Amino acid sequence: MTPKLKAVLVLLLVLIAPSGCGKDKDDDGLMDPPPSADETQISDNVVVANAAGLSLTSKTETELNFSYQGSDPQVEPGDILVGTEQGGYLRHVSSVEDTGDGVRITTTEATLVDAIQTGTLNRTLSFDPESLEKAAAEGTYLGSRVNYLQKGVRVDGLDLISLNDVMIFDGQVQGDHGEVRAHARIVSGSLSFSPDLEIGFEVEDSRVKEFHTIAGGQIDFDASLEIDVSGGLNYSPEPTLVYSTSYTFVQMVGWLPVVEVVTFDIVAGYSFVFDAEMTSVYGVTSGAAISAGAQYSNDSWSPIFGVQPTALAGETSFGAHAEAEARAFVRPRISVELYSVAGPNLQIEPYVSLNGSAGTTEWCADINFGYGLDLGFSAHILDLELANFNQVLASDEIALFDECYQLRSGVLVNSIPEGATISVDGVSTGFVTPALLEEFPLGTHGLRLSLDGYNDYTVDLFYDGGVATVTAVLTQPQPPIPVITIESPEDQARISSQVTPLRGLVQMRRPDGALITFDEDTAILSLNGVDQTVAVDPNGRFVATIGIVEGANRLRVRATSSNGDTGYSDLVTVFGDFAAADIVIILSWDTPTSDLDLHVWNPIGQHAYYANKSIDEGSLDIDDRVGFGPETFTATHALEGTYTVKVNSFSLHQDDYSNAGVTVVLDGATPRTYGPYLFETADFNGTSEAAWWDVTVFQMANGTRSVDVSPADPTRVARIERDMAGLPEKK
């Protein structure tokens, strides 16, 4: 079923953005009545450029250039120059220079209280076509500018925006555990916004007594939204899908023109946080009448806010493996400039979100309608008192829909705090807590939770079906804490081989910051979400050989000290710049004098090992006899059929034991690691069962692979057993 979102958000947006001094009162405590129109008084030094015959040719923050005809303009230093061209200006005149074909006037910014001694302005501006035509006829509307910002968006009339078949996002993004395919599209929809804007102020005795800007209107957002995600992802882009539009108005206070430039930016977008592949269908119709803003009076701000929501949830289905959220929003941003000086701005974000959470026996989904409102000034209009003011006026969320579903069997993993990555038997699940691990394998398995800044939590979990719950309280490490540095490979390196060395250093940081020697002999490498053990020498150094895949590889090393505290290296991402071989098998071990051997049998029974390195479509590189390895088997083009991998402890020499690890990379996919496997016996001839480790059996066929399968052919098994017995002496 196609995922859909249908949301109708009905909003009344109110911005009150005052500035200036506080209201005065008479002795009896009553507010002074506003002055009448015939009480308007403009400062004597105000010059209106248009009336003085000046025509603006260019302007900067400090300079105005004019052309004129006739006698010299009567503008002198100390005057206040006002004009309506190019967004308007209100400036103190510092100097006047005749340029021959015009006049250059150097200025500084003025304020309304510099120009107006007493006066009022209070007018509502409507942005529907009829009102704009009326304003133009009255000479108060100077024009508009509209920019269409997103491919596919179309404006059908001034106040209706068509969003049919608009692609929000389609491509690969970096998810929590590698690249994730994401697709978001508005199948059909529309957005309309028809605001009214009231601007008003009251000035008396060159002091501002009241100033406000009120925007009110209706937003309708009706859309069918399609979102598909292929894996764990936290992605919150905010594309500007719709348009920005500016309107310029001029109004009169007495004979003084006041110029307002009103700009609307409307953003319709989405965000989502998923921990697994997800497909959802949900419909909702919601509305809210909102009044919000603030008023500056008596030297203080007073927020104004009210909401009357209505909501109706439609058909909903939701599928994911862990906590998830999908959110669609429409956010208008409204700003007002007086005389091209930035003034008040309003930003409101209405949204619809879908959330899921896992409990011990059920999965719950809920739909919410929310909104947030911010008010701010980016510069002064009336005086410097309110410059750079910002205030969150209101935010709220209203539940529209809440329904729970029966939970399928699995292991529900929680942690305090949440957000820990979950690994089972050393392999990342791709989930973070809280999460339900469905189809959890029966039996005993190692469960590990990891979170930056906290110690690893590990437990051996026995699972026998049904719903099991694990809740871990994570602890923070205390000094001395392991400090790990990956020296090679370097972050963002491009590597031309599937096998590459790993080198680094583990130290301990004491409370005073000093670094001391690490007190354990192993660390853990997580390579593309799969754990493998690496040996750490007495100086804290680790050296290993790792197999990487074509494309991006994510490496991170962690280490736990003897006191149980865990430290992490920085994440290193390297890129395999090669055509991946069909099979790469890497053997390494952790003791300096032991001689371990890699043995591989191909589908036709040929045996690759130290005395017979090359077989059909595959070869072993070296026989390392003095410790650590690696020994690597590579098949660029594998035969179809069954491959068997074993390791033999040929000799331990001066070592009492040796831990072996094997990495298998098939078709360039994420490496599988096996081990560590403890050898305490060596046999020199292959006859001791304790000296052999059965690593894995896998099948290659028609570009596909099956890993850890059982060898069903008795003849093949018998032949391998013969090859294992009586290995030739090394020369």
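For the structure itself, look to the data block above.
The structure reproduced in this document is the subject of the present report. (Residues numbered from 1 in each chain as written. Predicted model: local features only at pLDDT ≥ 70, side-chain atom pairs only at ≥ 80, totals over all residues. Heavy atoms only, no water.)

**Regarding the overall build of the protein**
Which entries qualify depends on this criterion: Helix and strand assignments follow DSSP, with helices taken as H or I runs no shorter than four residues and strands as E runs no shorter than two, numbered in order from the N terminus. Residue burial is assigned from relative accessible area. The probe radius is 1.4 Å, only protein chains are included, and a residue is buried under 20% of its type maximum, exposed over 50%, and partly exposed in between. The Shrake-Rupley method, run with a 1.4 Å probe sphere, supplies the accessible areas, and residue values consider only the shown protein chains as cover.
Counting secondary structure elements, the protein contains three helices and 53 strands. When the 731 residues of the protein are sorted by exposure, 50% land in the buried category. Surface exposure of the protein reaches about 31,900 Å², of which carbon and sulfur atoms provide 47%.

**With respect to the sheet that holds strand β5 (residues 80–83)**
Counted only if it meets this: Here, any two strands with at least 2 DSSP bridges between them count as paired. Axis lines are fitted to C-alpha atoms, over the contacting stretch for helices. Their N-to-C directions set the angle, which ranges from 0 to 180 degrees.
The strand order across the open sheet built from six strands is β2-β5-β6-β7-β4-β3, with neighbouring strands paired in mixed fashion. Among the strands making up the open sheet, the edge pair consists of β2 (46–48) and β3 (54–59). Between one strand and the next, the sheet's axes are offset by a mean angle of 40 degrees, whatever the strand orientation. In this structure, strand β4 (residues 63–68) lies alongside strand β7 (residues 103–109), joined through four bridges in antiparallel fashion. Counterpart to leucine 64 in the pairing with β7 is isoleucine 105.

**Regarding the sheet that holds strand β47 (residues 618–620)**
Taken together, the six strands give an open sheet; going across it, the order is β46-β47-β48-β43-β50-β51, and neighbouring strands pair in antiparallel fashion. The open sheet is flanked by β46 (614–615) and β51 (672–679), the only strands paired with a single partner.

**Concerning the environment of glutamate 85**
Our working definition: When checking whether two residues touch, look at their non-hydrogen atoms; a contact exists if any pair is within 4.5 Å. Any pair of N or O atoms that falls within 3.5 Å is considered a polar contact. Within protein, one atom must be able to donate a hydrogen and the other to accept it, and sequence-neighbouring residues count only if both atoms are side-chain atoms.
Here glutamate 85 is to be found in the loop between β5 and β6 (89–98). For glutamate 85, a relative accessible area of 25% corresponds to the partly exposed category. Once the C-alpha coordinates of glutamate 85 and tyrosine 339 are considered, the two residues, 254 residues apart in sequence, prove to be 9.3 Å apart. Not counting residues up to four positions away in its chain, the partners in contact with glutamate 85 are Asn50, Leu54, Ser55, Leu56 and Lys59. Within the structure, glutamate 85 has its side chain in polar contact with the backbone nitrogen of leucine 56 (distance 2.8 Å).

**Comments concerning the pairing of strand β29 (residues 435–438)**
Strand residues, when the strand is regular, have side chains that alternate between the two faces of the sheet. Residues Ala435 and Leu437 of β29 are buried on one face, and the alternating residues Leu436 and Glu438, pointing to the opposite face, are buried as well. In this sheet, β29 lies alongside strand β26 (residues 410–416) in antiparallel orientation, the contact comprising four bridges. Among the inter-strand pairings, leucine 412 is bridged to a residue of β29, identified as leucine 436.

**Structural notes on the packing of aromatic side chains**
Heads up, the rule is: Pairing of aromatic rings covers Phe, Tyr and Trp, the last counted by its six-membered ring, and requires centre-to-centre distances within 6.5 Å; plane angles under 30 degrees mean stacked, over 60 mean edge-to-face, and any other angle means tilted.
Taken as a whole and assessed by the stated rule, the structure comprises eight aromatic pairs. When the ring of phenylalanine 650 is compared with that of phenylalanine 684, the centres are 5.7 Å apart and the planes differ by 75 degrees; the resulting orientation is edge-to-face. Here the residue phenylalanine 650 occupies a position in strand β49 (residues 641–651), and phenylalanine 684 occupies one in the loop between β51 and β52 (692–701), the gap between them amounting to 34 residues. What makes phenylalanine 650 buried here is its relative accessible area of 8%. Between the aromatic rings of tyrosine 677 and phenylalanine 679, the centroid separation amounts to 4.9 Å while the plane-to-plane angle is 65 degrees, which identifies the pairing as edge-to-face. Look at tyrosine 677 and you get partly exposed, because its relative accessible area is 28%.

**Here's the deal with the pattern of salt bridges**
Basically, it comes down to this: Salt bridge, as used here: a side-chain nitrogen of Lys or Arg that lies within 4 Å of a carboxyl oxygen of Asp or Glu.
Counted by the stated rule, this structure contains 16 salt bridges. Notably, a salt bridge pairs aspartate 452 with arginine 556, separated by 3.1 Å at the nearest N-O pair. With aspartate 452 in the loop between β30 (443–450) and β31 (457–463) and arginine 556 in strand β40 (residues 551–560), the pair connects residues that are 104 residues apart, well separated along the chain. Residue classification places arginine 556 among the partly exposed positions, given a relative accessible area of 25%. In this structure, arginine 510 engages aspartate 512 in a salt bridge whose closest nitrogen and oxygen atoms are separated by 2.9 Å. For aspartate 512, a relative accessible area of 56% corresponds to the exposed category. A single network of salt bridges, built from pairs that share partners, joins Asp595, Asp597, Asp623, Arg625 and Lys730.

**Notes on the environment of glutamine 117**
Tracing the backbone shows glutamine 117 in strand β8 (residues 116–126). For glutamine 117, a relative accessible area of 28% puts it in the partly exposed group. A C-alpha to C-alpha distance of 9.3 Å links glutamine 117 and valine 208, two positions 91 residues apart in sequence. With residues up to four places along the chain from it excluded, the contact list for glutamine 117 reads Gln41, Ser43, Val203, Glu204, Asp205 and Ser206.

**Things to note about the environment of alanine 635**
In this fold, alanine 635 is placed in strand β48 (residues 631–635). What makes alanine 635 buried here is its relative accessible area of 0%. Taking the C-alpha atoms as reference points, alanine 635 and leucine 620, separated by 15 residues in sequence, lie 9.2 Å from one another. In contact with alanine 635, not counting residues within four places along its chain, are Ala581, Asp582, Ile583, Glu617 and Gly618.

**Remarks on unusual backbone geometry**
Between threonine 433 and proline 434 the backbone carries a cis peptide bond, its omega angle lying at -5 degrees. With respect to the helices and strands, the residue proline 434 is situated in the loop between β28 (427–432) and β29. Each neighbour pair has its own omega, and for proline 479 with proline 480 the value is 0 degrees, a cis peptide bond. Note on placement: proline 480 falls in the loop between β32 (467–473) and β33 (481–488). Its identity as a non-glycine residue notwithstanding, aspartate 205 has a phi of 55 degrees, on the positive side. Mapped onto the elements of the fold, aspartate 205 is located in the loop between β14 (196–204) and β15 (207–216). Assessed through its relative accessible area of 56%, aspartate 205 is described here as exposed. Although it is not a glycine, glutamate 617 sits at a positive phi angle of roughly 55 degrees. Along the chain, glutamate 617 turns up in the loop between β46 and β47. Exposure remark for glutamate 617: the relative accessible area of 43% places this residue in the partly exposed category.

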